[in-house]
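Below, each chain spelled out in residue letters.
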Amino acid sequence: MGLSSHCKISKFVGCHLGSLTCKCVALFALALFFRAILLHSSSGYVGIEWSNIELIHHDRFMSLNSDDGIRSDKFLEVPQIIWGLNNQKIALARAFLTARMLNRTLLMPSLSASLFYKEIDRLQPIPFDKVFQFERFNSLCKGFVQLGRYSDPKNGTGVFNLQKGIGRKWTAERDLKQLRQCSSGPADEHEVIRIVGKNPFLWHDHWPVKDYARVFECLVLVDEITKEANKVVSKIREIGRELRSKTDSLQRDFDAEELVPYVAVHMRIEIDWMIHCKKLEQRLNVKQICSSKQEIMKRVGNIKGLKSPTVVYIAVADGLLNDSSILSGWKEGLLPFEKKKLGVDGIYKKHPYLIQSAIDYEVCLRANVFVGNSYSTFSSLIVLERTQKMSRIGITSSCGIDVRWPSYAYNVLGESNGPQKWMTNMSHSSLQAISYGSNAVSC
């Protein structure tokens, strides 16, 4: 079957830099940047909050915008995005990058609020703009990719149905050739190209990690979700502050205004994960995927430089957990809290699975120290974003040095019998290692 047969026509369905204000803003941004650099050179891991780095990032991002932009009169439509939060984020990024290749605006996709993926009628679709900020996305990604609404198409030139190939014979080369063919000629004359078939997460990957990272940075949670995450982080820091103020050996050095650090551990020991990872170990003949509760606790306890006492937030899917003893067995000075003990389980319970994951993602992202599993997309995307944030203040490696916001992979043994230091390799030509996991992690 020729490539052209996969493209079938269906019926149509409906600042002026010289101003004093701008100069002040520029000086303020420059001051923030040098403040970040100076704080990085100091000891400890408390000082720079994510909000300061976001300001630096925003100015830098705006300077990278293209004046040409993406066509706003041609659109791409994709199937509903499904599975877990971070699989959905990867699928979203792949859809945006496909639209970029076709020089088209991506019509706002529907996400899935639930974790069900076998029963289509239980997917609970949720609009993109109920999770991520629509206008902020287009502002941050202006000139790179663009998001549109289904009310935008207007000229009535019809829809071009693009059927994605399946099976082993549908190689990455054939897929890329199909996309290039449909970026011009008869397909490109239509206002909308609709890709039908499998979930975008399963599409072939044609883009480097840096392109994905640029899209991920534009996915800013809506204020309602961010406020929920703020409540959880505030509770963690409040408990940490109380514990430190009561410790005699630290009291004379305690600063009540200081942001108290915490550790976040993405503990993958749920029933579904243990079944999956054991099968994966057998198939790949690898022994560094599954980790027991005891192994995780021991390796986290061997991380150098953790002050005592330190709150350890345990990010775990409570509903799939078959072990109620995750709070016992930790090294002295590491004080574990999960949602219920922290008193924030009510915040999570009122939201669907996708939003719960988004809150936990934000809590882990902001942690002073993050420890996860290198075969988890949740952990991998957090490390990617933390790597990006550190690179903005000049940190490109954590080998042999103490850095702010270090990340670790507990499933890979590192120095001093602790977890392996972990930074994302931003030079990779594809997202393979992040999408499907790898034990080839390094600092």
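Structure shown above.
Residues numbered from 1 in each chain as written. Predicted model: local features only at pLDDT ≥ 70, side-chain atom pairs only at ≥ 80, totals over all residues. Heavy atoms only, no water.

**Q** Where do I start with the packing of aromatic side chains in this structure?
**A** If you walk through the whole model with that rule in mind, you get seven aromatic pairs. A ring pair is formed by Phe96 and Phe137, whose centres lie 4.5 Å apart and whose planes are at 25°; its orientation type is stacked. You can see Phe96 sitting in helix 3 (residues 85-101) and its partner Phe137 sitting in helix 4 (residues 134-140), a full 41 residues away along the chain. Grouping residues by exposure puts Phe96 and Phe137 together as buried. An angle of 80° between the planes, with centres 5.7 Å apart, marks the rings of Tyr361 and Phe378 as edge-to-face. Note that Tyr361 is positioned in helix 13 (residues 353-366) and Phe378 in helix 14 (residues 377-391), a separation of 17 residues in sequence. Exposure remark for Tyr361: the relative accessible area of 4% places this residue in the buried category. Pairwise contacts between aromatic rings join Phe96, Phe128, Phe132 and Phe137 into one cluster. (Phe/Tyr/Trp six-rings, centres within 6.5 Å; stacked < 30°, edge-to-face > 60°. Helix = DSSP H or I, 4+ residues; strand = E, 2+ residues; numbered from the N terminus. Buried < 20%, exposed > 50% of the residue type's maximum accessible area, 1.4 Å probe, protein only.)

**Q** So what exactly am I meant to see when it comes to the nonpolar core here?
**A** Grouped burial of nonpolar side chains is what soluble globular proteins tend to show. Judged by nonpolar contacts, the single largest core of 88 residues is most densely connected at Val131, Phe137, Phe216, Val232, Ile359 and Val363. Ranked by the residues each element gives to this core, the list is headed by helix 3, at nine residues. Ignoring any residue separated from it by four or fewer positions in sequence, one finds Phe137 in contact with Phe96, Phe128, Val145, Leu147, Val215, Cys218 and Leu219. (Core = buried A, V, L, I, M, F, W, Y, C linked by side-chain atoms within 4.5 Å. Contact = heavy atoms within 4.5 Å.)

**Q** Mind showing me how you'd approach the pairing of strand 12 (residues 369-372) here?
**A** A regular strand places its side chains on the two faces of the sheet in alternate fashion. Burial of the side chains of strand 12 extends over both faces: Val369 and Val371 are buried on one face and Phe370 and Gly372 on the other. As defined by bridge partners, strand 9 (residues 262-266) adjoins strand 12 across three bridges and the pair is classed as parallel. In the sheet register, Ala264 faces strand 12, and the bridge partner there is Phe370. By the bridge criterion, three bridges tie strand 12 to strand 13 (residues 407-413) in an arrangement that is parallel. Along strand 13, the bridge assignment pairs Phe370 with Ser407. (Pairing = 2+ DSSP bridges.)

**Q** What is the right way to look at the environment of Leu221 in this model?
**A** Within the secondary structure layout, Leu221 lies in the loop between helix 6 (209-216) and helix 7 (223-245). Residues contacting Leu221, with those up to four places away along its chain left out, are Val131, Phe132, Gln133, Thr226, Ala358 and Glu362.

**Q** Sorry if this is basic, but what is going on with the sheet that holds strand 11 (residues 334-337) here?
**A** Strands pair in a sheet through their backbones, by hydrogen bonds, and they do so in one of two ways: parallel or antiparallel. If you trace the six strands from one edge of the open sheet to the other, you get 11-10-9-12-13-14, paired in mixed fashion. For this open sheet the edge positions go to strand 11 and strand 14 (419-421), each flanked by a neighbour on one side alone. Neighbour-to-neighbour, the strand axes of this sheet turn through a mean angle of 30°, independent of strand direction. Where strand 10 (residues 310-315) meets strand 11, four bridges bridge the pair, whose relative direction is parallel. Within strand 11, the position partnered with Thr310 by the bridge is Leu334. In the packing of helix 7 onto the sheet, the strands contacted are strand 9, strand 10 and strand 11, and the crossing angle to strand 10 comes to about 150°. Sheet contacts for helix 14: strand 9, strand 12 and strand 13; angle to strand 12, the most-contacted strand, approximately 150°. (Axes fitted to C-alpha atoms, helices over the stretch in contact; angles between N-to-C directions.)

**Q** Teacher, can you tell me more about the state of the cysteines here?
**A** What is meant by a disulfide is a covalent connection between two cysteines, made through their sulfur atoms. By the definition in use, this model includes two disulfides. Each sulfur in the disulfide pair Cys277 and Cys290 lies 2.0 Å from the other. Handedness here is read from the sign of the S-S torsion; for Cys277 and Cys290, about 120°, the answer is right-handed. Taken together, the positions of Cys277 in helix 9 (residues 271-284) and Cys290 in the loop between helix 9 and helix 10 (293-301) put the pair 13 residues apart, joining distant regions of the chain. (Disulfide = S-S within 2.5 Å.)

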